[in-house]
Amino acid sequence: MKSSPTMHQTLIALGANIADPAAALPLAWRIVVAELGLQRTRLSAVISSLPAEAATGPSFANAVGLGYTSAEPEDVLAQLHRIEAAFGRDREQEGHHGCRPLDLDLLAMGALRREGPTLTLPHPRIAHRDFVLAPLLELTPAWIEPRSGRPAALLLARLADDAPTKEMT
């Protein structure tokens, strides 16, 4: 008897700070869901945050999406990069901290771990980003950050209020 593939809870951060970022994120999420065949999906509210980690430019719109997939993390990441490119993102042109029409980060896939040059799971900076933790907690309030073993709510409470977030209208 053939066993069914393991479905991994998949968390994806969405961000943008040029064009119409607040409108781009829900559209991008619908495309992510369709292209990856995600099941049981949800998208957090879109929030606004100031550029972080030495980035410059206008404020970012941020959200987190949750869905389930049996795909391999490397395949998910490759598809996310294709979707970014379709929205006009040029990673080489913008550099690490440049403005972007869409940024999709694979945050976590269940308990899977990866350490490599192109993919690290869970995402190594989740615990330091209030603009990721706040929307993530909206979707999964009991989520435990796998690296530290700490609840995401505790991590968010410990962050300095350097990048205040608010729901976008």
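Right, let's walk through the structure included here. (Residues numbered from 1 in each chain as written. Predicted model: local features only at pLDDT ≥ 70, side-chain atom pairs only at ≥ 80, totals over all residues. Heavy atoms only, no water.)

## A closer look at helix α2 (residues 73–86)
Look at α2: 20 Å from first C-alpha to last across 14 residues, which is about the 20 Å you get at 1.5 Å a residue. Those residues of α2 lying buried are Pro73, Val76, Leu77, Gln79, Leu80, Ile83 and Glu84. Angular distribution of buried residues about the axis of α2 spans 165°; they occupy a single face of the element. Positive phi shows up at Gly88, right after α2, with a value of about 100°. (Helix = DSSP H or I, 4+ residues; strand = E, 2+ residues; numbered from the N terminus. Expected span 1.5 Å × (residues − 1). Buried < 20%, exposed > 50% of the residue type's maximum accessible area, 1.4 Å probe, protein only. Arc of directions from axis to C-beta.)

## Concerning the pairing of strand β4 (residues 60–69)
Note on strand geometry: in a regular strand, side chains alternate between the two faces of the sheet. Along β4, 10 of the 10 residues are buried, which leaves the element largely enclosed by surrounding structure. Along β4, one buried face is formed by Phe60, Asn62, Val64, Leu66 and Tyr68 and the opposite face, lined by Ala61, Ala63, Gly65, Gly67 and Thr69, is buried too. Pairing geometry for strand β1 (residues 8–16) and β4, over nine bridges, is antiparallel. Bridge pairing in β4 places Ala13 opposite Val64. Judged from the three bridges that link them, strand β3 (residues 47–49) and β4 form a sheet pairing that is antiparallel. By the bridge assignment for β4, Ile47 is matched with Asn62. (Pairing = 2+ DSSP bridges.)

## Quick look at the packing of helix α1 (residues 21–36) against α2
Interaxial distance between α1 and α2 falls to 11 Å at its minimum, and their mutual angle equals 135°. Judged by the inter-axis angle, α1 sits oblique to α2. The element α1 and its partner α2 pack so that their crossing is right-handed. Of α2, the residues touching α1 (which contributes Ile31, Val32, Glu35 and Leu36) are Val76, Gln79, Leu80 and Ile83. The class makeup of the residues in the contact of α1 with α2 is six nonpolar, one polar and one charged. (Axes fitted to C-alpha atoms, helices over the stretch in contact; angles between N-to-C directions. Parallel < 35°, antiparallel > 145°, perpendicular 65-115°, else oblique. Left-handed = near helix turned anticlockwise from the far one by under 90°. Contact = heavy atoms within 4.5 Å. Nonpolar A, V, L, I, M, F, W, Y, C, P; charged D, E, K, R; others polar.)

## A few points about the pattern of salt bridges
Tallying each qualifying case throughout the model produces five salt bridges. Among the ionic pairs, Arg114 bridges to Glu74, the shortest N-O distance being 2.8 Å. Taken together, the residues span a long stretch of sequence, with Arg114 in strand β6 (residues 114–115) and Glu74 in helix α2 at a distance of 40 residues. The exposure class of Arg114 is partly exposed, given its relative accessible area of 22%. Take Glu74: its relative accessible area is 38%, and that puts it in the partly exposed class. When the shortest N-O distance is used, the salt bridge between Arg129 and Asp105 registers 3.6 Å. Of this pair, Arg129 sits in the loop between β7 (120–121) and α4 (130–139) while Asp105 is found in strand β5 (residues 103–109), placing the two residues 24 residues apart along the sequence. For Asp105, a relative accessible area of 17% gives the class buried. Here the salt bridges share partners, and the residues they tie into one network are Glu72, Glu74 and Arg114. (Salt bridge = Lys/Arg side-chain N within 4 Å of Asp/Glu carboxyl O.)

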